Amino acid sequence: MSAAKRRRSPGEGGAFSYQTKAGERWYWKAMITMADGTSKPVARRGFTTKKVALAAMREAQGASDKGSFIDPSRQPTGAYLDEWLDGLRLGASTVASYRKNVRLHVKPYIGAVPLASLTTARIDAMYRELETSGRKDHREGDGLGPRTTRYVHTILSSALAAAVESSRLARNPAVRAHPPTAKQAKSPEMRPWTANQLATFLDWSRDHSPYHFAWHMLAMTGMRRGEALELRWRDFNPEAASVMVRRSAGVIRNKGEGSAVMVGPTKGGASRTVDLDPVTVVMGKTQRRERGLVSLQLAAADALILGDAEGRHLHPEHFSRTFRETLARCRKDLPDLPVIRLHDLRHTHRSEEHTSELQS
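Residues numbered from 1 in each chain as written. Predicted model: local features only at pLDDT ≥ 70, side-chain atom pairs only at ≥ 80, totals over all residues. Heavy atoms only, no water.

Moving on: the sheet that holds strand β5 (residues 242-245). What the 3 strands build is an open sheet, ordered β4-β5-β8; its pairing is antiparallel. For this open sheet the edge positions go to β4 (236-237) and β8 (272-275), each flanked by a neighbour on one side alone. Bridge analysis of β5 against β8 gives 4 bridges, and the strand direction is antiparallel. Bridge pairing in β8 places Met244 opposite Thr273. (Pairing = 2+ DSSP bridges. Helix = DSSP H or I, 4+ residues; strand = E, 2+ residues; numbered from the N terminus.)

This part takes up the environment of Thr94. Mapped onto the elements of the fold, Thr94 is located in helix α3 (residues 92-105). The class of Thr94 is partly exposed, set by a relative accessible area of 30%. Along the chain, Thr94 and Arg253 lie 159 residues apart, while their C-alpha atoms are 9.9 Å from each other. (Buried < 20%, exposed > 50% of the residue type's maximum accessible area, 1.4 Å probe, protein only.)

Before going further, it helps to spend a moment on helix α2 (residues 77-86). By the burial criterion, the buried members of α2 are Thr77, Gly78, Tyr80, Leu81, Trp84 and Leu85. Along α2, the residues classed as buried sweep out an arc of 160° about the axis, all on the same side. Taken together, the buried residues of α2 touch α3, α4 (107-110) and α6 (146-165). (Arc of directions from axis to C-beta. Contact = heavy atoms within 4.5 Å.)

Bringing the packing of α3 against α6 into the picture now. Axis angle and axis distance: for two packed helices, these are the angle between their axes and the distance between the axes, and together they describe the pair. Close contact between α3 and α6 brings their axes to 10 Å; oriented N to C, the two are set at 105°. With respect to α6, the element α3 is oriented roughly perpendicular. Residue-level contacts link Ser97, Tyr98, Asn101, Val102 and His105 of α3 to Thr148, Tyr151, Val152 and Ile155 of α6. (Axes fitted to C-alpha atoms, helices over the stretch in contact; angles between N-to-C directions. Parallel < 35°, antiparallel > 145°, perpendicular 65-115°, else oblique.)

Now for the side chain of Ser64. Summarising the element assignment, Ser64 is placed in helix α1 (residues 50-66). Given a relative accessible area of 9%, Ser64 falls into the buried group.

Another point: the packing of helix α7 (residues 195-208) against helix α8 (residues 212-221). Running from N to C, α7 and α8 cross one another at 160°; their axes reach a closest spacing of 9 Å. Looking at the two axes, α7 sits roughly antiparallel to α8. Crossing geometry of α7 relative to α8 is assigned as left-handed. Between α7 and α8, the contacting residues are Leu198, Phe201, Leu202, Ser205 and Arg206 on the first element and His212, Trp215, His216, Ala219 and Met220 on the second. Residues that form the contact of α7 with α8 fall into these classes: 6 nonpolar, 3 polar and 1 charged. (Left-handed = near helix turned anticlockwise from the far one by under 90°. Nonpolar A, V, L, I, M, F, W, Y, C, P; charged D, E, K, R; others polar.)

Let us look at the pattern of salt bridges. Counted according to the given criterion, the structure contains 10 salt bridges. A salt bridge links Lys107 to Asp82; the nearest nitrogen and oxygen atoms lie 2.7 Å apart. Pair noted here: Lys107 is in helix α4 and Asp82 is in helix α2, with a separation of 25 residues, a long-range link. Looking at Asp82, the relative accessible area reads 29%, which means it is partly exposed. Among the salt bridges present, the one from Arg128 reaches Glu131, with a minimum N-O distance of 2.7 Å. Here Glu131 and Arg128 lie together in helix α5 (residues 120-133), a separation of 3 residues that amounts to about one turn. A single network of salt bridges, built from pairs that share partners, joins Arg224, Glu227 and Arg272. (Salt bridge = Lys/Arg side-chain N within 4 Å of Asp/Glu carboxyl O.)

One non-glycine residue, Ala241, adopts positive backbone phi at about 50°. The topology assignment puts Ala241 in the loop between β4 and β5.

This brings us to the sheet that holds strand β2 (residues 23-33). Judged by pairing direction, the sheet is antiparallel, and its 3 strands sit side by side in the order β1-β2-β3 without closing on themselves. Two strands in the sheet have a free side with no partner beyond their single neighbour: β1 (14-20) and β3 (39-47). The sheet shows a mean angle of 25° between the axes of neighbouring strands, direction not considered. As defined by bridge partners, β1 adjoins β2 across 7 bridges and the pair is classed as antiparallel. Looking at β2, one finds that Gly14 is bridged to Lys29. Contacts from α1 reach β1, β2 and β3, with the element oriented near 15° to β2.

Turning next to the side chain of Arg135. Relative to the helices and strands, Arg135 resides in the loop between α5 and α6. According to the relative accessible area criterion, Arg135 is buried, its value standing at 13%. Beyond its immediate chain neighbours, meaning those up to four positions away, Arg135 contacts His105, Tyr109, Glu140, Gly141, Asp142, Gly143 and Leu144.

Without other data, these values stay purely geometric and don't point to any function.
Shown next as structure tokens:
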């Protein structure tokens with residue numbers, strides 16, 4: 001008998017076509033050994049081609065041979081999410097953020113629910129609980145804000161969409177769920193200072209804050225926090241009155257490992273040149289000279305402009321806290337100065353009149 005007509009052995013499995021409204025689809029069927037040692041016929045549907053169906057079947061049979069196959073209909077949602085997270089090809093900080101939110105705000109509520117049994121109603125119930133009293137972090141018992149709840153929805157919806165693509169689910173139950181709307185999750189309105197208010201703060205910080213140059217540069221350039229913290233002296237070009245923004249420093253946090261500073265691309269993913277006003281250029285030169293007096297290494301081309309005394313990155317979150325503490329001290333002397341976030345500093349309006357005031 002030729003190989004083309006060879007009969008399959010029992011349990012070897014195969015792929016078969018069927019018709020749907022969307023056109024031809026394929027399913028595979030084979031005897032599979034479960035992780036507990038039992039064997040049973042397993043079938044999976046929804047593949048667009050025979051080749052893809054057979055590839056999926058061989059993957060399942062490979063897991064069966066290793067004793068690691070888990071019937072998707074019984075796999076807990078939490079176990080699936082762990083598997084999905086392990087396979088993501090995203091930035092380390094993004095994956096760490098996903099892991100944290102899955103661990104704190106998804107697994108406690110639906111982690112034990114079989115993936116195939118997960119419903120839209122169950123997901124909606126989780127969102128409502130998160131909004132009222134669902135926090136599991138240091139503020140356990142409080143409710144999550146609309147932005148965070150919607151972020152959780154984005155993560156879960158992406159994970160379940162991947163489950164549909166891999167034929168673990170027939171449909172994504174998160175698609176028809178009801179997280180907070182985009183309008184409800186909108187970022188709080190930014191309230192930057194006026195030009196005069198910024199001038200007032202910088203006049204005060206010049207004599208009261210060792211980070212005066214940092215506050216000045218953020219306000220004058222519009223750089224993001226992480227971009228400023230990753231600037232190096234080779235990026236500073238006083239002759240051209242510019243600075244090259246190439247990378248950004250962020251925070252990565254994994255459970256049991258604490259937090260660490262991680263350098264990655266800018267938010268836009270590309271380098272850009274930022275023009276500097278004359279005052280900022282002079283202050284940059286002064287900053288480099290003063291850093292060099294502490295240690296020549298701190299003024300080297302590859303040294304951080306805003307590094308600590310050892311030349312290491314300032315922790316971004318600590319840097320933001322330092323701004324809050326600096327502003328609090330400033331408001332003891334200038335109580336009419338509004339409270340803003342560090343992020344708002346880069347959005348503060350700089351009028352021509354204000355710029356001339358700083359340069360005078």
